[in-house]
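# Tertiary structure, described
Below, each chain spelled out in residue letters.
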Amino acid sequence: MTSPSLRSQIGQMVVVRASGHLLDHQIRYPQWEAPRDQLHRWISEWNVGGVILLGGTVAELALRTAQLQSWASTPLLIAADIEEGVGQRFPGATEFPPPMALRAIADPAQGEDYARQMGAITAQESLALGLNWILAPVVDVNNNPENPVINVRAFGEDAATVSRLATAFIEGCHRHPVLTCAKHFPGHGDTNIDSHLALPEIPHGSDRLTTVEIPPFAAAIAAGVDAVMSAHLMIPAWDATAPATLSQPILTGQLRQNLGFEGLIVTDALVMGGIAHWASPEEVAVQAVAAGADIILMPADPEQAILAIEAAVIAGRIAPEQITAAVARIAAAKAKVMPPPGETGGDRLVTLHTAASQKIVRQILTASLRQGGTCTPEPEPSGSPLNLIIVGNLLNMPFLDLASPAIALPQALGYQHRIIEPPQLLERAAPQPHPHNLLQLFIRGNPFRGTAGLAPEIKAQVKCLLQNGHFGAIALYGSPYLADWFRVNCDPGLPWAFSYGQMPAAQDIILNILLKRQISPSLRFQKFGDEFI
């Protein structure tokens, strides 16, 4: 006979995904996000321990988190992937540039201070909206420029920089009662495959792993990080038979024992392509727990995962004491972030997207900005110069609309805009040579893209256009590696500027550099602040 108490304990080890929107018809990813009744059943009947949210405005999110907690007999961990601030996922809150922007700041102490403030603001805004688990920082060392998924999400390309800035971010977060999470153990930086799509391999030996990949995790643990997330990676030097997420030698041996980590071990999402085809969904969940995971994130079917883990305990594959220890760690983590009984949390509420937080965002953008060429005063453009915008994904551009500075500022000067997505042929969209034509590129590594930059054939077309004088200035947003390519392949006198950020504030700063020879003060976008370079 099965034990209901065992099943309830295992439920606490499961975190499911849900939409931040309130209504079922707003769900964007039905394959991953449960409708209301199913979500209610998982929380109230299956006692799942947490929910990870994506989508919805900040107003919706505040209502959603309160709704979810009202369904739970055991308070929930409510998490979000907000590595770049709450506004990265939920419009209306503060959005920061990617973490790699901080490594580009000349004064290391200033970069650490910004990382600390970034963590504190993210934590403060999270609490205001009912989030209590920040799935950040990324502590991978992005030492592979072709990495399509980590890339600018990392704090840097060497272990010392990542350790320093990630530690500061954690310190900032811990000014408030939230949980943090270092990811993706034991290090996803040196891959050219996105584990959302397939299973990468880190081929390096143990000495290299312990000197490059592991130090940032050790630093995060020393800084008191609350959780560590596993990576869906093969690490043959440590386990040639199973991915890290399913590896007892890696999760228990390396992380729990060698590094002495006593907090929560959480898997990356079990629906990701890098792990989903390893075994059946139920077997993947069982192997993750057997390997040492305290929390399994986004199993394909939470109910079946709970039943499979329960059966594995009864069959002796997983020791009951392991479940007890995991649930105790989860309870301890929840005790850190749950308000005392009767407290509404109203005294924690803050105004989101404040002038102070926006000032810090602009300071980071300005301090990390790169530029070159020569901007000389010129009259307003004659004719109809083209504002050609290249984006990574036309169907996912939260940073770009008709009111965004990338479109609105040039349009005020008579530019005609055209937006294309590779692999569209540039020849069909390319302008005639004109001294004022503007090229803007919004390209960065991101999950599910599968690539970190422009394809070689697109680079060849862009290089040809540059050599033939088709553009008078270039604005680059997102990838520093693409900026390096342009710096090498552009005429040294051609004005260009690069920002790690893609948000409107970044566009505003860059275009007030590249177009200030033409833009009068009355046309500048005051709503993004009044500090201009």
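As the structure is a prediction and not an experimental result, all values here were calculated from the model.

Looking now at the overall build of the chain. In terms of helices and strands, the chain carries 18 helices and 14 strands. Out of the 533 residues in the chain, the part that is buried amounts to 58%. Pairs at least 24 residues apart make up 77% of the contacts formed inside the chain by residues separated by at least 6 positions. If you sum the accessible surface of the chain, you get close to 20,100 Å²; carbon and sulfur atoms cover 54% of it.

With that settled, consider the packing of helix α5 (residues 159-173) against helix α7 (residues 215-222). Relative to each other, α5 and α7 sit at 25°, their axes nearing to 8 Å. Relative to α7, the element α5 lies roughly parallel. Helix-helix and strand crossings are classified by hand; for α5 and α7 the assignment is right-handed. Each of Ala-159, Val-162, Ser-163, Thr-167 and Ile-170 in α5 lies in contact with α7, whose residues at this interface are Pro-215, Pro-216, Ala-219 and Ala-220. When its residues are assigned to classes, the contact of α5 with α7 shows seven nonpolar, two polar and no charged.

Following the sequence through the fold, Ala-62 ends up in helix α3 (residues 58-71). Linking Ala-62 and Leu-131, residues 69 residues apart in sequence, is a C-alpha distance of 8.6 Å.

What follows is about the sheet that holds strand β14 (residues 496-499). The strand order β9-β14-β13-β12-β10-β11 describes an open sheet built from six strands, whose pairing is mixed. Whereas interior strands pair on both sides, the edge strands pair on one side only; in this sheet they are β9 (370-372) and β11 (416-420). On average, each strand axis in the sheet is inclined to that of its neighbour by 10°, with strand direction left out of account. Two elements, β9 and β14, share three bridges in a ladder whose sense is antiparallel. Opposite Gln-371, over in β14, you have Ala-497 as the bridge partner. Strand contacts of helix α18 (residues 504-514): β9, β12 (438-443), β13 (473-478) and β14, with the helix running at about 160° to β13, the strand carrying the most contacts.

What follows deals with the sheet that holds strand β5 (residues 181-185). Pairing is parallel across the open sheet formed by three strands, whose spatial order is β5-β6-β7. Looking at strand neighbours, the two that pair on one side only are β5 and β7 (264-266), the edges of this open sheet. Put simply, the sheet's adjacent strands are angled 25° from each other on average, direction ignored. Across four bridges, β5 lies against strand β6 (residues 227-230) in parallel orientation. The partner of Cys-181 across the bridge, within β6, is Ala-227. In the packing of α7 onto the sheet, the strands contacted are β5 and β6, and the crossing angle to β5 comes to about 160°.

What follows is about α7. Among the residues of α7, those classed as buried are Pro-216, Phe-217, Ala-219, Ala-220 and Ile-221. Close packing links the buried residues of α7 with α5, β5, α6 (206-213), β6 and α8 (248-258). Phi turns positive, to about 90°, at Gly-224, one or two residues after α7.

Take the pairing of β13 next. Of all six residues making up β13, six are buried, and the element is well covered by its neighbours. Looking at chain direction, β12 and β13 are connected through six bridges and run parallel. By the bridge assignment for β13, Leu-439 is matched with Ile-474. Bridge analysis of β13 against β14 gives four bridges, and the strand direction is parallel. From the neighbouring strand, Tyr-477 faces β14, where its bridge partner is Ser-499. Chirality of the crossover, the property in question, places the unit of β13, helix α17 (residues 480-489) and β14 among those that are right-handed.

What follows concerns the packing of aromatic side chains. Each aromatic ring pair is summarised here by two numbers: the centre-to-centre distance and the angle between the ring planes. Evaluated as defined, the whole model comprises seven aromatic pairs. Pairing Phe-442 with Tyr-477 gives two aromatic rings, centres 4.2 Å apart and planes at 10°, and the pair type is stacked. Linking Phe-442 in strand β12 with Tyr-477 in strand β13, this pair joins segments that are 35 residues apart in sequence. Among the residues examined, Phe-442 registers a relative accessible area of 2% and is labelled buried. Feature note: the residues Phe-399, Phe-442 and Tyr-477 constitute an aromatic cluster, connected by ring pairs.

Turning our eyes to something else, we now look at the confidence of the model for the chain. With 89% of its residues at a pLDDT of 70 or more, the chain shows a mean pLDDT of 89. The low-confidence segment residues 520-533 (pLDDT under 50) makes 31 contacts with residues lying over four places distant or belonging to another chain.

Next up on the list: the nonpolar core. Within the largest apolar cluster, 173 residues are counted, with the highest numbers of intra-cluster contacts made by Trp-133, Ile-323, Leu-441, Ile-474 and Phe-486. Each residue touching Trp-133, except ones within four places of it in the same chain, is listed here: Val-15, Leu-77, Ile-78, Ala-79, Ala-80, Leu-179, Thr-180, Cys-181, Ala-227, Val-266 and Ile-295.

Burial in α8 covers these residues: Ile-250, Leu-251, Thr-252, Gly-253, Gln-254, Leu-255 and Arg-256. Along its buried surface, α8 packs onto β5, α7, β6, β7, α10 (281-291) and α12 (320-337). In this structure Ser-247 caps α8, since a side-chain oxygen of it lies 3.1 Å from the backbone nitrogen of Ile-250. With its phi angle positive at about 70°, Gly-260 sits one or two positions after the end of α8.

When you line up the elements, Ser-230 lands in strand β6. In terms of polar contacts, Ser-230 uses its side chain to reach the side chain of Thr-245, at 2.7 Å. Filtering out sequence-adjacent residues up to four positions away, Ser-230 remains in contact with His-184, Phe-185, Thr-245, Leu-251, Val-266, Thr-267 and Asp-268.

Time to look at the pattern of salt bridges. Inspection of every chain in the model, using the stated rule, returns 20 salt bridges. With its nearest N and O atoms 2.8 Å apart, the salt bridge here joins Glu-213 to Arg-208. For Glu-213, a relative accessible area of 3% puts it in the buried group. Ionic contacts of the salt-bridge type, sharing partners, join the residues Asp-81, Glu-83, Arg-153 and Lys-183 into one network.

Now for unusual backbone geometry. For residues besides glycine, phi is generally negative; the peptide bonds are generally trans as well. Residues Lys-183 and His-184 are joined by a peptide bond in cis, for which omega reads 15°. Put simply, Phe-185 and Pro-186 share a cis peptide bond, and its omega is 5°. Here Pro-186 lies in the loop between β5 and α6. Notably, Asn-47 is not glycine yet its phi reads approximately 60°, a positive angle. Here Asn-47 lies in the loop between α2 (36-44) and β2 (50-54). Residue His-353 is not a glycine yet carries a positive backbone phi of 55°. Note that His-353 resides in the loop between α12 and α13 (355-368).

Parameters and conventions
- Residues numbered from 1 in each chain as written.
- Predicted model: local features only at pLDDT ≥ 70, side-chain atom pairs only at ≥ 80, totals over all residues.
- Heavy atoms only, no water.
- Helix = DSSP H or I, 4+ residues; strand = E, 2+ residues; numbered from the N terminus.
- Buried < 20%, exposed > 50% of the residue type's maximum accessible area, 1.4 Å probe, protein only.
- Contact = heavy atoms within 4.5 Å.
- Areas by Shrake-Rupley, 256 points an atom, 1.4 Å probe, with all protein chains shown as cover.
- Axes fitted to C-alpha atoms, helices over the stretch in contact; angles between N-to-C directions.
- Parallel < 35°, antiparallel > 145°, perpendicular 65-115°, else oblique.
- Left-handed = near helix turned anticlockwise from the far one by under 90°.
- Nonpolar A, V, L, I, M, F, W, Y, C, P; charged D, E, K, R; others polar.
- Pairing = 2+ DSSP bridges.
- Right-handed = clockwise from strand over helix to strand, strands pointing away.
- Phe/Tyr/Trp six-rings, centres within 6.5 Å; stacked < 30°, edge-to-face > 60°.
- pLDDT = per-residue confidence, 0-100.
- Core = buried A, V, L, I, M, F, W, Y, C linked by side-chain atoms within 4.5 Å.
- Polar contact = N/O pair within 3.5 Å; in protein donor to acceptor, adjacent residues only side chain to side chain.
- Salt bridge = Lys/Arg side-chain N within 4 Å of Asp/Glu carboxyl O.

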